[in-house]
Amino acid sequence: MQIEEIIKKVTSVKPEISKEEFLKMIRRKKMELGNYFTEEAIAKILASELGVKIKKEKEEKLEISIKNLIAGLNDVTVLGRITSIYPIQTFRRGLDKEGRIARLVLLDDTGEINIVLWNEKADLIEKGILKKGQKIRVSHGYTRESFRGGIELHVGENGEIEILEESFLKIGELKIGDGPINVKGKVASQKPLIRKVKTSKGENVLLASFEIEDETGKAWVSIWRELAEKLEKENLKKGTTIKLKNFYVKKGFSEGIEIFSRKNSSYEIISNNQT
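Residues numbered from 1 in each chain as written. Predicted model: local features only at pLDDT ≥ 70, side-chain atom pairs only at ≥ 80, totals over all residues. Heavy atoms only, no water.

1. Description of the overall build of the protein
And step 1. Looking only at helices and strands, the protein has five helices and 14 strands in total.
And step 2. Taking the principal axes of the C-alpha coordinates as reference, the protein spans close to 55 × 50 × 40 Å.
And step 3. In the protein, which comprises 275 residues, the proportion classed as buried is 43%.
And step 4. For the protein, the proportion of contacts with a sequence separation of at least 24, taken over those separated by at least 6, is 59%.
And step 5. For the protein, the exposed surface amounts to about 15,800 Å²; the carbon and sulfur share of it is 48%.
And step 6. Counting 51 positive and 43 negative side-chain charges, the protein places the centres of these two groups 3 Å from one another. (Helix = DSSP H or I, 4+ residues; strand = E, 2+ residues; numbered from the N terminus. Buried < 20%, exposed > 50% of the residue type's maximum accessible area, 1.4 Å probe, protein only. Contact = heavy atoms within 4.5 Å. Areas by Shrake-Rupley, 256 points an atom, 1.4 Å probe, with all protein chains shown as cover. Lys, Arg positive; Asp, Glu negative; His and termini not counted. Charge placed at Lys NZ, Arg CZ, Asp CG, Glu CD.)

2. Description of the packing of helix H1 (residues 3-13) against helix H3 (residues 39-49)
And step 1. Following both chains from N to C, one finds H1 and H3 inclined at 20 degrees, their axes separated by 9 Å at the closest point. Relative to H3, H1 is oriented roughly parallel. Regarding H1 and H3, the two cross each other, and that crossing is left-handed. On H3, the residues touching Ile-3, Ile-6 and Val-10 of H1 are Glu-39, Glu-40, Ala-43, Lys-44 and Ala-47.
And step 2. The residue inventory of the contact of H1 with H3, partitioned by class, reads five nonpolar, no polar and three charged. (Axes fitted to C-alpha atoms, helices over the stretch in contact; angles between N-to-C directions. Parallel < 35°, antiparallel > 145°, perpendicular 65-115°, else oblique. Left-handed = near helix turned anticlockwise from the far one by under 90°. Nonpolar A, V, L, I, M, F, W, Y, C, P; charged D, E, K, R; others polar.)

3. A closer look at the environment of Arg-100
And step 1. Mapped onto the elements of the fold, Arg-100 is located in strand E3 (residues 97-108).
And step 2. Considering only alpha carbons, one finds Arg-100 and Gly-72, 28 residues apart in sequence, at a separation of 22 Å.
And step 3. Within the structure, Arg-100 has its side chain in polar contact with the side chain of Glu-126 (distance 3.0 Å). (Polar contact = N/O pair within 3.5 Å; in protein donor to acceptor, adjacent residues only side chain to side chain.)

4. Examining the layout of surface pockets
And step 1. For the second largest pocket, the calculated volume is near 570 Å³.
And step 2. Along the walls of the second largest pocket sit 22 residues, with Lys-29, Glu-32, Glu-49, Glu-166 and Lys-245 positioned nearest its centre.
And step 3. Residue assignment for the lining of the second largest pocket shows that the elements contributing at least two residues are helix H2 (19-33), H3, strand E12 (241-251) and strand E14 (266-271).
And step 4. When the residues that make up the lining of the second largest pocket are grouped by side-chain class, the tally is four nonpolar, eight polar and 10 charged. (1 Å grid on protein atoms, 1.4 Å probe; cavity = no way out; pocket = protein on both sides within 12 Å on 5 of 7 lines; lining within 4 Å. Points joined across faces, edges and corners; volume = space filled by probe spheres on them.)

5. Points about the environment of Ala-208
And step 1. For Ala-208, the location among the structural elements is in strand E10 (residues 204-214).
And step 2. Counting along the chain gives 56 residues from Ala-208 to Asn-264, while the straight-line C-alpha distance between them is 16 Å.
And step 3. Residues within four places of Ala-208 in sequence aside, it is in contact with Leu-193, Ile-194, Val-221, Ser-222, Ile-223, Ala-228 and Leu-231.

Take a look at the structure:
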């Protein structure tokens with residue numbers, strides 16, 4: 001589907017959004033995601049976030065189920081949901097060049113596979129663009145047999161990754177070391193505890209702490225610095241639904257977990273309905 005058709009569909013379903021405003025949204029999203037996605041792909045992502053269904057075109061390349069992948073295939077397209085993301089590793093290429101590699105696990109209805117991202121594609125993980133729980137399409141990949149056994153799908157310079165659906169994980173799904181992740185829940189504290197704290201570097205910064213819950217569990221949330229200053233001005237109270245985007249998970253009090261912000265984190269307050 002051409003981008004003009006997507007804009008026409010969005011503005012017809014959401015008349016409060018003009019064509020000019022939607023184009024501005026595309027430009028902002030492109031700055032956020034970088035040059036890894038076409039404007040058409042970004043328009044589809046925004047349409048999905050706005051709840052506008054875009055009819056899927058017939059794919060020129062046939063998507064292959066993960067269970068049917070074998071070593072030695074080229075120009076492979078698979079679709080699935082990210083279940084795990086691993087840290088970026090660096091390696092030497094020759095005497096003066098450094099390469100980078102990152103891995104994630106992709107799951108579909110038939111099985112799961114390790115996806116290997118090379119060099120600039122690894123930026124998708126480093127910048128927090130790819131997250132656990134997202135549904136993605138990987139195109140123009142190639143398969144190799146892993147030295148550990150099994151099949152890997154590699155995404156190099158000619159590979160493409162399209163985010164089809166943003167996902168918010170349940171609190172009960174979160175594990176120590178996860179991130180960046182999106183999670184949604186209701187504030188379980190009466191109100192945030194906001195205070196000045198001194199970091200290990202001697203900085204005095206603002207910290208906002210509160211507990212959130214969903215049907216799978218509870219977790220403490222720590223929001224730092226400028227994001228805490230913004231939250232201080234909000235009417236956040238018990239029962240408020242909040243979306244936390246690009247947050248990270250570490251060991252919390254007792255046996256619990258703590259969800260905490262970093263520089264690329266943001267939040268969105270959905271409602272202030274008292275529970």
